[in-house]
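# Analysis of the macromolecular model
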Amino acid sequence: MDYRESHKQSGTSYDKNLEEEAISAYMTKLEDALLRTVVPSLFPDSPPVYLDFACGTGRITKVVSPMSARSFGVDVSESMLEKAKSKCPDTQFFHIDITQNSLALEPCDLITAFRFFGNAQDALRVNVLFEFNRLLKKEGYLLINNHRNPWSLQYLLGRLTGGGNELDLSYIKLKKMLNDSGFKIIKVYGIGAWIFRNALAQSKYLNSGFTKYLEMLSKLPGAYLISPDSLIIARKYR
Ligand SMILES: C[S@@+](CC[C@H](N)C(=O)[O-])C[C@H]1O[C@@H](n2cnc3c(N)ncnc32)[C@H](O)[C@@H]1O
């Protein structure tokens, strides 16, 4: 499978690791708050059919499924799905790789895919986006994040001081992939634009009272280009 092995984790350790890593916990908190605003703004009457792709332990499913009339999750990892099932009793989960087997589902109104595209390789990204296009209704919405932005100031500075160069999914690259598979970006929210050095990614800063003011920097025009995480709303146009 075309998915970076180093990012595969088991259902038992995944949530714990995210909670313990201050920057991941911070991203989770902000993504959660954004989803609670964005989903009702896109679907004032709740999304009729919602799918969480690569749902993992249900981190995002558990936020969006209560806002949806019917919800589905899909993942290739059985141990991740076990956790997701325990958090989301009203969601139907599928244990398949949708790039190998088609998901037999009625047309969806909303698909989410978090912490997936940044970790996947190009062939898998493209494959999955075309499958999303097939699964979504015309003008359906796709909500994804990119938490591995190679243009984030934190990552660029890290590289200048000897850090690795394993990230490759810039906003421009992702936008082109989305366009090529029939999606148009309609809104992007940056997260953590102010975290320009690793030292700021410690819990004492991330959990301080100042972050809500610092986080306003992420709302400046174009700040998502250099933010370590972003939430992207795209719509199927063909
Ligand atoms: C980093 S986890 C993200 C989980 C969840 N979306 C979240 O944001 O917490 C990535 C997930 O993608 C799943 N995955 C990788 N390749 C997949 C594929 N081809 N089809 C379905 N799930 C896949 C993995 O099993 C893993 O649960």
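Anything mentioned here points back to the structure above.
Residues numbered from 1 in each chain as written. Predicted model: local features only at pLDDT ≥ 70, side-chain atom pairs only at ≥ 80, totals over all residues.

### Focus: the overall build of the protein chain
So the rule is basically this: Runs of E in the DSSP output that reach at least two residues are strands. Runs of H or I that reach at least four are helices, and both are numbered from the N terminus. With the radius of gyration taken over C-alpha atoms, the globule rule is written as 2.2 Å times the number of residues to the power 0.38. With C-beta atoms placed from the backbone, a residue is labelled by how many other C-beta atoms lie within 10 Å of its own: buried for 20 or more, exposed for 12 or fewer, partly exposed between the two. What counts as a contact here is a pair of residues whose C-beta atoms, placed from the backbone, lie within 7 Å.
Secondary structure assignment for the protein chain yields 9 helices and 7 strands. What you see for the protein chain is a C-alpha radius of gyration of 17 Å, in line with the 18 Å of a compact globule of 238 residues. With 238 residues in all, the protein chain has 40% of them scored as buried. Relative to all contacts within the protein chain whose residues are 6 or more apart in sequence, the contacts with residues 24 or more apart total 73%.

### Brief notes about the site of the ligand
The line we're drawing: As a rule, any residue with its backbone-derived C-beta atom within 6 Å of a molecule or strand is reported as near that molecule or strand. Polar here means any residue outside two lists: the nonpolar Ala, Val, Leu, Ile, Met, Phe, Trp, Tyr, Cys and Pro, and the charged Asp, Glu, Lys and Arg; Gly therefore counts as polar.
Near the ligand lie 20 residues; those nearest to it are Ala54, Gly56, Arg59, Ser77 and Phe114. Across the shell around the ligand, the residue classes tally to 11 nonpolar, 5 polar and 4 charged.

### Concerning helix α5 (residues 122-135)
Put simply, the test is: Multiplying 1.5 Å by the residue count of a helix minus one yields the expected span of that helix.
When the terminal C-alpha atoms of α5 are compared, their 20 Å separation across 14 residues agrees well with the 20 Å that a helix rising 1.5 Å per residue should span. Looking at the buried residues of α5, the elements they touch are β1 (49-53), β4 (108-113), β5 (136-145) and α7 (171-180).

### Details of the packing of helix α1 (residues 11-20) against helix α4 (residues 78-87)
Filter applied, for reference: Working convention: axes come from line fits to C-alpha atoms, limited for helices to the stretch in contact. Angles between N-to-C directions cover 0 to 180 degrees. The scheme is simple: roughly parallel for angles under 35 degrees, roughly antiparallel for over 145, roughly perpendicular for 65 to 115, oblique for anything else.
The interhelical angle for the contact between α1 and α4, taken along N-to-C directions, is 65°, at an axis separation of 7 Å. With respect to α4, the element α1 is oriented roughly perpendicular. Here Gly11, Thr12, Tyr14 and Asp15 of α1 lie close against α4, whose contacting residues are Ser79, Met80, Glu82 and Lys83.

### Side note on the sheet that holds β4
Within a sheet, each strand pairs with its neighbour through backbone hydrogen bonds, oriented either parallel or antiparallel. Here is the rule: DSSP calls a pair of strands paired once it identifies at least 2 bridges connecting them.
Read across the open sheet, the 7 strands follow the order β3-β2-β1-β4-β5-β7-β6; overall the sheet is mixed. For this open sheet the edge positions go to β3 (92-95) and β6 (183-191), each flanked by a neighbour on one side alone. For this sheet, the mean inter-axis angle between neighbouring strands, taken without regard to orientation, is 15°. Two strands pair when backbone bridges link them, and β4 and β5 are joined in this way by 5 bridges, in the parallel orientation. Residue pairing for β5: alanine 113 is matched across the bridge by isoleucine 144.

### Considering the pairing of β1
Burial analysis of β1 places 5 of its 5 residues in the buried class, the great majority of the element. The two faces of β1 match: Val49, Leu51 and Phe53 on one face and Tyr50 and Asp52 on the other face are all buried. For β1 and strand β2 (residues 70-75), the ladder comprises 5 bridges, and the chain directions are parallel. Across the sheet, the residue bridging to tyrosine 50 is serine 71, located in β2. Of the strand pairs in this sheet, β1 and β4 are connected by 3 bridges, and their pairing is parallel. Note on β4: the bridge partner recorded for tyrosine 50 is leucine 110.

### A word on the environment of arginine 148
Position of arginine 148 relative to the elements: it lies in the loop between β5 and α6 (153-160). Residues arginine 148 and isoleucine 96, spaced 52 residues apart in sequence, show a C-alpha to C-alpha distance of 25 Å. Leaving out residues up to four positions away in the same chain, arginine 148 has contacts with Gly118, Asn119, Leu167 and Leu169.

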